[in-house]
Amino acid sequence: MNKLQKYSTSELIGELRKRKEVQLFDGGLYANTELRGKYGHENIKLPNNYWILLISDFSPLNNS
């Protein structure tokens, strides 16, 4: 049995948010936006309220 099956999606995201390699962004800036499909793919309408979870294997750049 997969060990991750014991945890809900919200629990996993909550744990990921604590990690320094993870950044969470509010996607509301792109609300009511439609991505145009290419090569025969359909257009995708983004939801009005969503979050973007960015996971990287390096630390974010420090601008100071």
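Residue-level account of a nonpolar patch on the surface, with values.
A surface patch of nonpolar side chains, about 510 Å² in accessible area, is lined by Ile13, Leu16, Leu24, Trp51, Leu53 and Ile55. For Ile55, a relative accessible area of 52% gives the class exposed.

Residues and numbers for the environment of Ser10, please.
For Ser10, the position within the fold is in helix α1 (residues 9-17). Given a relative accessible area of 56%, Ser10 falls into the exposed group.

Hey, could you go over the pattern of salt bridges for me, with residue numbers and the actual values?
Pairing of side chains with opposite charge becomes possible as their charged atoms draw close. The final tally for this structure, using the stated rule, is two salt bridges. The shortest N-O distance in the salt bridge between Glu15 and Lys18 comes to 3.5 Å. For Glu15, a relative accessible area of 35% puts it in the partly exposed group. Counted as one network, the salt bridges with shared partners bring together Glu15, Lys18 and Arg19.

Calculation criteria
Residues numbered from 1 in each chain as written. Predicted model: local features only at pLDDT ≥ 70, side-chain atom pairs only at ≥ 80, totals over all residues. Heavy atoms only, no water. Patch = residues over 30% accessible without salt bridge, like charges linked within 9 Å, V, L, I, M, F, W, Y side chains within 5 Å. Areas by Shrake-Rupley, 256 points an atom, 1.4 Å probe, with all protein chains shown as cover. Salt bridge = Lys/Arg side-chain N within 4 Å of Asp/Glu carboxyl O. Buried < 20%, exposed > 50% of the residue type's maximum accessible area, 1.4 Å probe, protein only. Helix = DSSP H or I, 4+ residues; strand = E, 2+ residues; numbered from the N terminus.

In short, the description is geometric, and any link to function would need to be established separately.
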